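A look at the structure
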Amino acid sequence: MQRTLENFLRALRAVDVRVSPAEAIDAHRAAETVGYADRELFRDALCTTLAKTAEEVARFEVCFDTYFRRDEIHLPPPDESEAEAAPGDAADSELAQMLLSSDVAGLEQAMELAGERAGAADIRLSSQRNLVARRMLNEMGLAGLDRMIGEAQRREDAASAKLAARLAKGREALFEEAGRYVARQHDLYASETGRKLREELLAEEKLTAVDPNEMATMQALVRRMAKRLASQYSRQQHRAKRGQLDVRKTLRRAVPHGGVPFEISWKTKTIERPKIVALCDVSGSVAAAAQFLLLFLYSLNEVVERMDGFAFSDRLVPVGDILDEEEADVAIAAVLKRIGMRSTDYGVALQDFCDLHLGQLDKRTTVIILGDGRTNYVDPRLDLMRAINERSRAVIWLNPEPETFWTRGDSEMERYRRFCHVVKTCNTLKGLERIIDDVLRTYLPK
């Protein structure tokens, strides 16, 4: 049962239920304490030990039911006349003996062992199902069973014909159960692999070409990206300076011990939380990418404590209240309804931003602009970009258009980039995560 429990923990990890080594040890101890006889008690003990959130509880229950479900192999009751008609070497085929005696429990146990030897838990693609099922049956002794069926069919007496028919029916039942067994292994270990593969492809898809039906998947993907970034860069950290002794603190702690320094203190450095200001273009020229840029902005707002969000087209408005109070779908729709899909006026938008927020920028502020830099031939207000640059720690501009487009038509990107520390093309979620990661690592306070 130890191997069974270890494989179950693998299945939990495959469906995003995090199981640490310490939790795995606790799970084994819980199983030893409650035993395996009472299914409900066993499940509750493991769930209490391993599932940390409501979402993980739901995934645990589905995984548990799938992993420990067993479909009974349906066989007719044993018939002594068939056993008598079996050839003399029938005893050499344990599989045939279990079929003739209708030993369902023995067959299920043999299938579990064959599944382990055939590597059923290592299945990754649905196209592997038939191959793995065949390997399992070969491990169980399918060749010997087929030989017995052939020998019985070649004999002309009625008893042999009946024996061949019974074994053939049992063989068919074995194939059906092996197929169900492998399907469960696929659901446990490979379905998550398929999901991750789809997400990897979506992350590389251009924001302007994503299927609307994949919006839910994109939301989950963006949230995970934003949380990864925020967990790395937005928390207040205390980092020890290894090798630098804090003499004063060490001496103070040594006073109660007669001056003996039992507790050594090292100097630490407090890393202040960064301030992030994000401006998102939601005008008609970036309509296809606007919802994904807003989605990233929404997700970043969920996990970064100090972020001020703005959206703009012909005007600029703060959207922090909407992002804080509404669900993602509602928030994005509200922002687009409020300011989106209009013609762009970067000059007015920058003026609005400076009126609202310029005084709050300082050398701990990183400004991130998400937009195409197309001004509709109006004044780009480079003076305001200069002012934002001078007051901020860094200005980063992420443009969904290829760089070859930045000198065409009404694009002012070549003029704006003089006042930016980083200017990058960013038209996929993977690119967005990679660039933001690089930017935060480089420009946020160390």
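Scope of this entry: the structure provided in the associated data block.

Reading the values: rules and limits
Residues numbered from 1 in each chain as written. Predicted model: local features only at pLDDT ≥ 70, side-chain atom pairs only at ≥ 80, totals over all residues. Heavy atoms only, no water. Helix = DSSP H or I, 4+ residues; strand = E, 2+ residues; numbered from the N terminus. Buried < 20%, exposed > 50% of the residue type's maximum accessible area, 1.4 Å probe, protein only. Contact = heavy atoms within 4.5 Å. Areas by Shrake-Rupley, 256 points an atom, 1.4 Å probe, with all protein chains shown as cover. Axes fitted to C-alpha atoms, helices over the stretch in contact; angles between N-to-C directions. Parallel < 35°, antiparallel > 145°, perpendicular 65-115°, else oblique. Left-handed = near helix turned anticlockwise from the far one by under 90°. Nonpolar A, V, L, I, M, F, W, Y, C, P; charged D, E, K, R; others polar. Phe/Tyr/Trp six-rings, centres within 6.5 Å; stacked < 30°, edge-to-face > 60°. Patch = residues over 30% accessible without salt bridge, like charges linked within 9 Å, V, L, I, M, F, W, Y side chains within 5 Å. Salt bridge = Lys/Arg side-chain N within 4 Å of Asp/Glu carboxyl O. Core = buried A, V, L, I, M, F, W, Y, C linked by side-chain atoms within 4.5 Å. Expected span 1.5 Å × (residues − 1). Arc of directions from axis to C-beta. Lys, Arg positive; Asp, Glu negative; His and termini not counted. Polar contact = N/O pair within 3.5 Å; in protein donor to acceptor, adjacent residues only side chain to side chain. Pairing = 2+ DSSP bridges.

With respect to the overall build of the protein
From N to C terminus, the protein includes 19 helices and 8 strands. Split into buried and exposed, the 446 residues of the protein put 47% on the buried side. Here the analysis covers contacts within the protein between residues at least 6 apart in sequence; of these, 75% occur between residues at least 24 apart. Surface summary for the protein: the accessible area is close to 22,900 Å², and the carbon and sulfur share equals 49%.

Side note on the packing of helix H16 (residues 346-357) against helix H17 (residues 382-391)
Close contact between H16 and H17 brings their axes to 9 Å; oriented N to C, the two are set at 40°. By the angle class used here, H16 and H17 are oblique. The crossing of H16 and H17 is left-handed. Facing H16, whose interface residues are Gly 347, Leu 350, Gln 351, Phe 353 and Cys 354, H17 presents Leu 384, Met 385 and Ile 388. Counted by class, the contact of H16 with H17 contains 6 nonpolar, 2 polar and no charged residues.

Looking at the packing of aromatic side chains
Taken as a whole, this structure holds 15 aromatic pairs when the rule is applied. Consider the rings of Phe 8 and Phe 68, whose centres lie 5.3 Å apart with planes at 55°: the pair is tilted. Pair noted here: Phe 8 is in helix H1 (residues 2-14) and Phe 68 is in helix H4 (residues 54-68), with a separation of 60 residues, a long-range link. Of the two residues, Phe 8 and Phe 68, neither departs from the other in class, the shared state being buried. Plain terms: the ring middles of Tyr 67 and Phe 68 are 4.8 Å apart, the flat faces sit at 75° to each other, and that makes the pair edge-to-face. Accessibility assignment for this pair places Tyr 67 and Phe 68 in one class, buried. Grouped by ring-pair contacts, the aromatic residues Phe 8, Tyr 36, Phe 42, Phe 60, Phe 64, Tyr 67 and Phe 68 constitute a single cluster.

Here we look at a nonpolar patch on the surface
On the surface, a nonpolar cluster with roughly 470 Å² of combined accessible area is contributed by Leu 245, Val 247, Leu 251, Ile 264 and Trp 266. Positionally, Leu 251 belongs in helix H12 (residues 247-254).

Concerning the nonpolar core
If you look at the biggest cluster of nonpolar residues, it comprises 38 residues, and the most contacted ones within it are Leu 207, Val 282, Val 335, Leu 398, Leu 429 and Leu 432. With 7 residues, the top contributor of residues to this core is helix H13 (residues 287-303).

Examining helix H8 (residues 129-140)
Residues spaced three or four apart along an α-helix face the same direction, because each turn holds 3.6 residues. Helix length check: H8 (12 residues) gives 17 Å between terminal C-alpha atoms against 16 Å at 1.5 Å per residue, within 8%. Among the residues making up H8, those that are buried are Val 132, Ala 133, Met 136, Leu 137 and Met 140. The arc enclosing the buried residues of H8, seen along the axis, measures out at 135°, which places them on a common side. Phi for Gly 141, located one or two positions after H8, is positive at around 105°.

Looking at unusual backbone geometry
The backbone of Tyr 377 shows a phi angle near 65°, a positive value even though the residue is not glycine. Along the chain, Tyr 377 turns up in the loop between strand E6 (365-370) and H17. The residue Arg 381 is not glycine, and still its phi comes out positive at about 55°. Within the secondary structure, Arg 381 sits in the loop between E6 and H17.

Things to note about the side chain of Asp 345
Mapped onto the secondary structure, Asp 345 falls in the loop between helix H15 (328-339) and H16. Buried within the structure, Asp 345 lacks any salt-bridge partner; its nearest side chain of opposite charge belongs to Arg 315, at an N-O separation of 7.8 Å. At a separation of 3.2 Å, a polar atom in the side chain of Asp 345 contacts the main-chain amide nitrogen of Gly 347. Only 3.1 Å separates the side chain of Asp 345 from the backbone nitrogen of Val 348, close enough to count as a polar contact.

Brief notes about the pattern of salt bridges
With the rule as written, the count across this model stands at 20 salt bridges. For Arg 43, the salt bridge goes to Glu 40, with nearest N and O atoms at 2.5 Å. Note that Arg 43 and Glu 40 are positioned in helix H3 (residues 39-50) at a spacing of 3 residues, about one turn of the helix. One salt bridge in this structure joins Glu 56 and Lys 52, with 3.6 Å as the shortest N-O distance. Within this structure, Arg 18, Glu 23, Lys 52 and Glu 56 form a network of salt bridges that share partners.

Observations regarding the sheet that holds strand E4 (residues 307-312)
Across the sheet, which stays open at both edges, the 6 strands sit in the order E5-E4-E3-E6-E7-E8 with mixed pairing between neighbours. Two strands lie at the open edges of the sheet, namely strand E5 (316-318) and strand E8 (422-425), each paired on one side alone. Along the sheet, successive strands turn relative to each other by an average axial angle of 20°, direction set aside. Relative to E4, strand E3 (residues 275-281) runs parallel, the two sharing 6 bridges. Bridge pairing in E4 places Ile 276 opposite Met 307. Each of E3, E4, E5 and strand E7 (394-399) touches H16; the most contacted strand, E4, lies at about 150° to it.

Digging into the packing of H3 against H4
Their axes nearest at 10 Å, the elements H3 and H4 cross at an angle of 140°. Judged by the inter-axis angle, H3 sits oblique to H4. Where H3 crosses over H4, the two elements pack in a sense that is right-handed. Residues Arg 39, Phe 42, Arg 43, Leu 46, Cys 47 and Leu 50 of H3 form the contact with H4, whose participating residues are Glu 56, Val 57, Phe 60, Phe 64, Asp 65 and Phe 68. Across the contact of H3 with H4, the residue classes tally to 8 nonpolar, no polar and 4 charged.

Brief notes about the side chain of Ser 313
Within the fold, Ser 313 resides in the loop between E4 and E5. A polar side-chain atom of Ser 313 sits 2.5 Å from the main-chain carbonyl oxygen of Ile 339. Apart from the residues within four sequence positions on either side, Ser 313 is in contact with Ser 283, Ile 339, Arg 342, Ser 343, Thr 344 and Asp 345.

So, to be careful, I would describe these as geometric facts and stop short of saying anything about function.
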